[in-house]
Amino acid sequence: PASPVCRSHPAYGADSRATTTAIGSDGDDSGEVHRASSTSALARTPQVPHAPHGCAALDAHDAAVWAGDLNYRIKSTAAGVVAALRAGLHDVLLLNDQLACEQRHGRAFQGFREQPLNFAPTFKYVPGTDEYNLKRVPSWTDRVLYTCTAHPAYCTLRPLYYAAVHEMKESDHRPVVAGFQLVLRPGNRNLATGS
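From a predicted model like this one, the values you see are computed outputs, not experimental measurements.

K.L.:
So what exactly am I meant to see when it comes to the overall build of the protein chain here?
P.N.:
Scanning the protein chain for helices and strands turns up 5 helices and 7 strands. Each helix and strand of the protein chain, placed in order from N terminus to C terminus, yields the pattern β-β-α-β-α-α-α-β-β-β-β-α. In the protein chain, buried positions account for 44% of the 195 residues. For the protein chain, the share of sequence-separated contacts (at least 6 apart) that also reach a separation of at least 24 residues comes to 66%. Accessible surface computed for the protein chain: about 9,800 Å², of which carbon and sulfur atoms make up 56%.

This is the structure we're talking about:
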């Protein structure tokens, strides 16, 4: 099950949301249907469970960042992913990324975007090494997605960077980091509300 943590950050009449989630894999590398239904249910939930003081649905916010272990995989075998990485076929791996496929088909994280995945898959490593554990398909399971639904004259959310921290080797996951610039123009709020 998903375990969301939500924080709301109102400023100048805008409401932004930062959400972290760990979506269970059911021990299955091909469970994109399970993951898509879990994330869709969370995004539609009026009050996200387990959030401190409740957490309104994401569409009620001007800007949102959703980060976490979303557990989407690359549609391939472990050996196939490693061979593609060695051959420099990064684009082939991206085309077979379950999250990107689910988004293209409108089944998960509709309206959310992601900065380019210009780094190697961040899961599943042998802890303490740079070697993948080939019992699972190496994949980009840890992700940072974002959306800004406000009128751009009022609010913009600009991505600055997105990277994996391959120097941190204590886990079977490599952490990912992303930076954003949130710009609010309170004098233009009426453009966003149409009033």
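K.L.:
Looking at this model, I keep getting lost on helix α2 (residues 78-86). Mind explaining?
P.N.:
Side chains that are three or four residues apart share a direction in an α-helix, a result of its 3.6 residues per turn. Looking at α2, one finds that the buried residues are Ala78, Val81, Val82 and Ala84. Down the axis of α2, the buried side of the element spans an arc of 160°, and every buried residue falls inside it. Facing away from the buried surface of α2 by more than 90 degrees, the exposed residues are Ala79 and Arg86. Looking one or two residues beyond α2, the residue adopting positive phi is Gly88, at roughly 70°.

K.L.:
Would you take a moment to explain the side chain of Gln115 for this structure?
P.N.:
Residue position: Gln115 is located in the loop between β4 (113-114) and β5 (142-148). At 3.1 Å, the side chain of Gln115 and the backbone oxygen of Tyr161 are in polar contact. Those residues in contact with Gln115 that sit more than four places away from it in its chain are Tyr146, Pro159, Leu160, Tyr161, Tyr162, Ala178, Gly179 and Phe180.

K.L.:
It is not clear to me how a nonpolar patch on the surface should be interpreted in this structure. Could you clarify?
P.N.:
The grouping of Leu160, Tyr161 and Val177 at the surface amounts to a nonpolar patch, some 270 Å² of accessible area in total. Mapped onto the elements, Val177 comes out in strand β7 (residues 176-184). Val177 sits in the partly exposed class, given a relative accessible area of 36%.

K.L.:
Would you mind going over the confidence of the model for the protein chain with me for this structure?
P.N.:
In regions of low pLDDT, the predicted coordinates are not meant to be interpreted in detail. Model confidence for the protein chain is summarised by a mean pLDDT of 79, while 65% of its residues fall at 70 or above. Confidence over residues 1-6 falls short of pLDDT 50; this stretch has 26 contacts with residues more than four positions distant or in other chains.

K.L.:
Would you take a moment to explain the pattern of salt bridges for this structure?
P.N.:
When charged atoms on two side chains of opposite charge get close, those side chains can pair. Under the definition given, this model contains 6 salt bridges. Here Arg143 and Asp97 are joined by a salt bridge, their closest N and O atoms 2.8 Å apart. Here Arg143, found in strand β5, pairs with Asp97, found in the loop between α3 (90-95) and α4 (98-104); they are 46 residues apart in sequence, far enough to count as distant. A relative accessible area of 1% means that Arg143 is categorised as buried. Given the relative accessible area of 1%, Asp97 is considered buried. Residue Glu114 pairs with Arg143 through a salt bridge whose shortest N-O separation is 2.7 Å. Of this pair, Glu114 sits in strand β4 while Arg143 sits in strand β5, placing them 29 residues apart in sequence. Connected through salt bridges with shared partners, the residues Asp97, Glu114 and Arg143 form a single ionic network.

K.L.:
I would appreciate a short explanation of the environment of Arg174 in the present structure.
P.N.:
Relative to the assigned elements, Arg174 resides in the loop between β6 (155-164) and β7. For Arg174 and Thr141, which are 33 residues apart along the polypeptide, the C-alpha to C-alpha distance reads 9.6 Å. In this structure Arg174 touches Thr122, Tyr125, Thr129, Asp130, Asp142, Val165, His166, Met168 and Lys169, once residues within four positions along its chain are discounted. A distance of 2.3 Å separates a polar side-chain atom of Arg174 from the backbone oxygen of Thr129.

K.L.:
For this particular structure, what's the right way to read the nonpolar core?
P.N.:
Nonpolar side chains tend toward joint burial in soluble globular proteins. Membership of the largest hydrophobic core comes to 13 residues, with the highest contact counts inside it found for Ile74, Leu93, Phe119, Trp140, Tyr162 and Val176. The set of elements that each furnish at least two residues to this core consists of α2 and β6. Of all hydrophobic cores here, the second largest spans 9 residues; its members include Ala64, Trp66, Tyr72 and Leu145.

K.L.:
Whenever I open this one, unusual backbone geometry confuses me. Can you help?
P.N.:
Backbone phi values are negative for most residues with the exception of glycine, while trans is the configuration of most peptide bonds. The step from Phe123 to Lys124 runs through a cis peptide bond, and the omega angle for that step is 0°. Positionally, Lys124 belongs in the loop between β4 and β5. In the Ramachandran plot, Asn71 falls in the positive-phi region, its phi being about 65° despite a non-glycine side chain. Here Asn71 is to be found in the loop between β3 (63-69) and α2.

Basis of the calculations
- Residues numbered from 1 in each chain as written.
- Predicted model: local features only at pLDDT ≥ 70, side-chain atom pairs only at ≥ 80, totals over all residues.
- Heavy atoms only, no water.
- Helix = DSSP H or I, 4+ residues; strand = E, 2+ residues; numbered from the N terminus.
- Buried < 20%, exposed > 50% of the residue type's maximum accessible area, 1.4 Å probe, protein only.
- Contact = heavy atoms within 4.5 Å.
- Areas by Shrake-Rupley, 256 points an atom, 1.4 Å probe, with all protein chains shown as cover.
- Arc of directions from axis to C-beta.
- Polar contact = N/O pair within 3.5 Å; in protein donor to acceptor, adjacent residues only side chain to side chain.
- Patch = residues over 30% accessible without salt bridge, like charges linked within 9 Å, V, L, I, M, F, W, Y side chains within 5 Å.
- Salt bridge = Lys/Arg side-chain N within 4 Å of Asp/Glu carboxyl O.
- pLDDT = per-residue confidence, 0-100.
- Core = buried A, V, L, I, M, F, W, Y, C linked by side-chain atoms within 4.5 Å.

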